[in-house]
Amino acid sequence: HVERAIADNQELAVLYVDLNQFKAYNDAYGYDAGDRVIKSLARVLVDQVRNQGPANFIGHIGGDDFIALSTPQRMEEAAQKICASFDAIVPSFYKEEDRVRGSIISKDRQGNLREFPLLSVSIGICHNRERALQSFAQVSALGAELKKAAKSKPGSAYVVDRRRDDVSR
C-alpha cells in the first residue's frame, strides 16, 4: 500500500503505532491479557482510521506494532483520536489496585522489579505534504525515528515529521 501510494504520487501519511509498557504488562498479566490489549488497539485503529475513508489501511506489523495509512490532512486528527480512544479503554485492562495506583509492578528487561506506568500508545507520523517520500524503507526508518521520539513523552503521544525538503507539493 505504501509503495503503491508513493509510486502513484498520492498524498500519504503513515502512522507507526506502538504500545508503551507492553512487555511489563504482558509479564504481569500474561499473554492472553496481552493479546486482548493488542486486539483492542487494532479495533481502535480500525474505528478511528478506517472511518476517515475507504482508502485508509491498517496493518499489523507484529507484536504490539501497527501501521495505519491516512492523508496529511487527517493524520493529526487520526492520531489524537487513536490516543484518546485507547486511553479511554486502558483502565479496563487492569486490576482495581493497579488502576488506583496508576501503575504496575513488574520486571524490567534486566529482571529487576520496578514500577511501570499504565499502557499508553506512541505514534510516529511521516507524510509527503512537505517532503517527498521515496520508498517503504525510507518511510520505515522515518516512522521508527518518530515513534521513538513519541515514546520519550509521558503517556499516549504522537510526533509528526515537520521537516521539509525542496520539493513543493
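Up top is the structure these notes are about.
Before going into details, it helps to say that this report is about the structure given with it.

1. Notes on the side chain of Asn128
Here comes step 1: One can find Asn128 in the loop between β6 (120-127) and α6 (136-151).
Here comes step 2: A residue is classified by how much of its surface remains accessible, and Asn128, at 6% relative accessible area, is buried.
Here comes step 3: Of the polar contacts made by the side chain of Asn128, one reaches the backbone oxygen of Gln10; its length is 2.7 Å.
Here comes step 4: Of the polar contacts made by the side chain of Asn128, one reaches the backbone nitrogen of Leu12; its length is 2.8 Å.

2. Structural notes on the pattern of salt bridges
Here comes step 1: Summed over all chains, the structure comprises 13 salt bridges.
Here comes step 2: One salt bridge in this structure joins Arg101 and Asp98, with 2.4 Å as the shortest N-O distance. Here the residue Arg101 and the residue Asp98 both occupy positions in helix α5 (residues 96-101), the gap between them amounting to three residues, near one helical turn.
Here comes step 3: Taking the relative accessible area as the measure of exposure, Arg101 reaches 41% and is therefore partly exposed.
Here comes step 4: Here Asp98 falls in the buried class, since its relative accessible area comes to 8%.
Here comes step 5: Within this structure, Asp18, Asp65, Lys147 and Lys151 form a network of salt bridges that share partners.

3. Examining the nonpolar core
Here comes step 1: In this structure, Leu15, Phe86, Leu119, Ile123 and Ile125 are the most contacted members of the largest nonpolar core, which totals 35 residues.
Here comes step 2: Taken together, the elements giving at least two residues each to this core come down to β1 (13-20), α2 (22-29), α3 (31-49), β3 (65-70), α4 (75-89), β6 and β7 (157-160).
Here comes step 3: Here this core takes seven residues from α3, the largest share from any one element.
Here comes step 4: Every residue in contact with Leu15, bar those within four places of it in the chain, is listed here: Phe66, Ile67, Ala68, Ser70, Met75, Ala78, Ala79, Ile82, Ile123, Gly124 and Ile125.
Here comes step 5: Of all hydrophobic cores here, the second largest spans 15 residues; its members include Val2, Ile6, Val14 and Cys126.

4. With respect to unusual backbone geometry
Here comes step 1: Of note in this structure, Asn9 is not a glycine but carries a positive phi near 55 degrees.
Here comes step 2: Here Asn9 is to be found in the loop between α1 (2-7) and β1.
Here comes step 3: Of the residues examined, Asn9 reaches a relative accessible area of 54% and is grouped as exposed.
Here comes step 4: Despite not being glycine, Gln21 shows a phi value in the positive range, around 70 degrees.
Here comes step 5: Overall, the relative accessible area of 28% leaves Gln21 in the partly exposed class.

So, how was this worked out
- Residues numbered from 1 in each chain as written.
- Predicted model: local features only at pLDDT ≥ 70, side-chain atom pairs only at ≥ 80, totals over all residues.
- Heavy atoms only, no water.
- Helix = DSSP H or I, 4+ residues; strand = E, 2+ residues; numbered from the N terminus.
- Buried < 20%, exposed > 50% of the residue type's maximum accessible area, 1.4 Å probe, protein only.
- Polar contact = N/O pair within 3.5 Å; in protein donor to acceptor, adjacent residues only side chain to side chain.
- Salt bridge = Lys/Arg side-chain N within 4 Å of Asp/Glu carboxyl O.
- Core = buried A, V, L, I, M, F, W, Y, C linked by side-chain atoms within 4.5 Å.
- Contact = heavy atoms within 4.5 Å.

Worth remembering: the numbers are spatial, not functional.
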